[in-house]
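A closer look at the structure
The chain contents come next:
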Amino acid sequence: MSTTPPHHPVAVIGAGLGGLTLARVLAVHGIEAAVFDLDASPAARTQGGMLDIHEDSGQAALRAAGLHERFRELVLPGGQATRVLDRHAVVLLDEPDDGAGGRPEIDRGDLRDLLLGSLPENTVRWGAKVTGARPLGGGRHEVALADGTVFTTDLLVGADGAWSRIRPLVSAARPAYSGVSFVEADLLEAGLRHPVAAGVVGEGFFFALGAGRGFLAHRETDGSVHVYVAVEAPEDWLDGVDFGDTEAAKERVLAHFDGWDKSLRSLVSDADGPLVPRRIHALPVGHRWDRVPGVTLLGDAAHLMSPFAGEGANLAMLDGAELAGFLAARPDDTEAALSAYEERMFPRSEASAAQSAHSAALLFREDAPQGLLEMFAAHG
């Protein structure tokens, strides 16, 4: 005897910042959404490092969500400070936090917890890994989960990141390797246990750049320093590093920084815990699709880009807030709401993706860090 699968008028796939912002702003407008995430619980994995939340995008989304004041209580004091060094650790730019609040820094986990805590109970279904979706006609879709169950929905939103299971419903595009790989590291209790590294990084965000490589780092709210080692390399470079042997991995990574100042190399040599590899992928600049009834994308699922303009999380949150606003304004015409959302989202994300690609080229060009200094000078 067959049973009718559960039905959710609005289903959001992915409990990242964009999907949670969408669910929160919908809730503000009295619209219920069901959010499905593959993680077993909110604490299943760490949420990454610090984010700078921009006034005209991420902060605008938080205002729409009614959470801006609570967000301000969680930002890292002094986190907007910026420091740029060359490979010899010569400080070429050292700007303190001006306190204006245009791009305050917040721990990604704290921001996610703020959004999660603002949602009605049981909004998020944890441990719900989506394996695929298919159209049923009339804008409705059936979504399949890894446990063998299915559900149906009138509106399906893919907020499920770079390797979205929902994207194939609207686009055949897939992320491509950008030419840059990261290796991430942490220095815990940096001021006490790693004073050399803490001193060179400073109080906010830090760049030490050379041709085709560099160190990017920032302070975190718990007093640690999170480091991104960036190397322009073939896509298979990380495959040749044994990250199960941390000391050997450190040696392999630091081989790309021969001749760099010892204080900069200490960001890797003195790191606590294992190093974490990450290839940087991006969707084509200007990725878009024709309107498909009953489904859309937001955040990295829609416009994955490199992190070098700091736009990814901000755009995902703005996507979620604007989509919710359009849906609330057009309760009887979902397709008009989706069209209005995509018309706003496509050109905005194209401009940011182009900026991210341009910034990556500036950061690692032959005369680095000169390109980054020129960019800062051009923006005052």
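A short tour of the structure in this document, coming up. In every chain, residue numbers begin from 1 and rise along the written sequence. With pLDDT at 70 or above as the cut-off, local features in this predicted model cover only qualifying residues; side-chain atom pairs require 80 or more to be listed or tallied, and sums for whole chains, interfaces and linings still use all residues. Based on all heavy atoms of the structure, the side-chain values leave hydrogens and waters out of the count.

**Examining empty space enclosed by the protein**
One water molecule sets the probe size; rolling that probe over the atoms shows where empty space is left. Going by this rule: With a 1 Å grid spanning the protein atoms alone, the term cavity applies to any set of points in which a 1.4 Å probe fits but cannot get out, the term pocket to an open set with protein on both sides within 12 Å along at least five of seven lines, and the term lining residue to any residue with an atom within 4 Å of a point. Grid points are joined across faces, edges and corners, and a volume is the space filled by probe spheres set on the points. Where helices and strands are cited, they refer to DSSP runs of H or I of at least four residues and of E of at least two residues respectively, numbered from the N terminus. Residues are grouped as follows: Ala, Val, Leu, Ile, Met, Phe, Trp, Tyr, Cys and Pro are nonpolar; Asp, Glu, Lys and Arg are charged; every other residue, Gly included, is polar.
For the structure shown, the criterion picks out 1 cavity of 30 Å³ or more. In this structure, the largest cavity encloses a volume near 40 Å³. Taken together, Leu283, Pro284, Val285, Gly286, His287, His303, Leu304, Ser349, Glu350 and Ala353 make up the full set of residues lining the largest cavity. Per-element accounting of the lining of the largest cavity gives the leading share, 3 residues, to helix H11 (residues 334-363). The class makeup of the residues in the lining of the largest cavity is 5 nonpolar, 4 polar and 1 charged.

**Focus on the pairing of strand E1 (residues 7-13)**
Basically, it comes down to this: Burial classes: relative accessible area under 20% of the type maximum marks a residue as buried, over 50% as exposed, and values in between as partly exposed (1.4 Å probe, protein chains only). Here, strands pair whenever DSSP counts at least two bridges between them.
Here E1 lies mainly inside the structure; 5 of its 7 residues are buried. Both E1 and strand E10 (residues 150-158) contribute to a ladder of 6 bridges, which runs parallel. Bridging across to E10, histidine 7 finds its partner in threonine 152.

**Some words on the nonpolar core**
Our working rule: Only buried residues count toward a nonpolar core, which is a set of Ala, Val, Leu, Ile, Met, Phe, Trp, Tyr and Cys residues joined through side-chain atoms within 4.5 Å. Residue contacts are defined here by distance: any two heavy atoms, one from each residue, within 4.5 Å place the two residues in contact.
One finds Val12, Leu22, Phe71, Leu111, Leu156, Ile166 and Leu323 to be the most contacted residues of the largest nonpolar core, which totals 61 residues. A per-element tally of this core places helix H10 (residues 312-329) first, with 7 residues. Sequence-distant contacts of leucine 22, defined by excluding residues within four places in its chain, comprise Val12, Val157, Leu298, Gly320, Leu323 and Ala324. If you look at the next biggest cluster of nonpolar residues, it comprises 32 residues, including Trp237, Val241, Ala249 and Trp260.

**A word on the pattern of salt bridges**
In plain terms, the rule: Salt bridge, as used here, is a side-chain nitrogen of Lys or Arg placed within 4 Å of a carboxyl oxygen of Asp or Glu.
On inspection of all chains with the given rule, the structure shows 18 salt bridges. One salt bridge connects aspartate 272 with arginine 193, and the closest N-O pair in it is separated by 3.1 Å. Of this pair, aspartate 272 sits in strand E15 (residues 272-282) while arginine 193 sits in helix H5 (residues 190-193), placing them 79 residues apart in sequence. When its relative accessible area of 41% is taken as the criterion, arginine 193 is described as partly exposed.

**Observations concerning the packing of aromatic side chains**
Short version of the rule: What counts as a ring pair is set by centres within 6.5 Å for rings of Phe, Tyr and Trp (its six-membered ring), and what kind of pair is set by the plane angle: stacked under 30 degrees, edge-to-face over 60, tilted for all other angles. Only Lys NZ and Arg CZ are tested; either one counts as a charge over a ring when it is within 6 Å of the ring centre and within 35 degrees of the ring normal.
One pass over the structure, following the stated rule, counts 10 aromatic pairs. Relative to tryptophan 260, the ring of phenylalanine 257 has its centre 4.9 Å away and its plane inclined at 80°; by these criteria the two rings are edge-to-face. For the pair phenylalanine 257 and tryptophan 260, a shared accessibility class is recorded, and that class is buried. Ring pairs connect the aromatic residues Phe182, Tyr228, Phe308 and Phe364, which therefore count as one cluster. The aromatic ring of phenylalanine 36 is capped on one face by arginine 125, whose charged end is 5.8 Å from the ring centroid.

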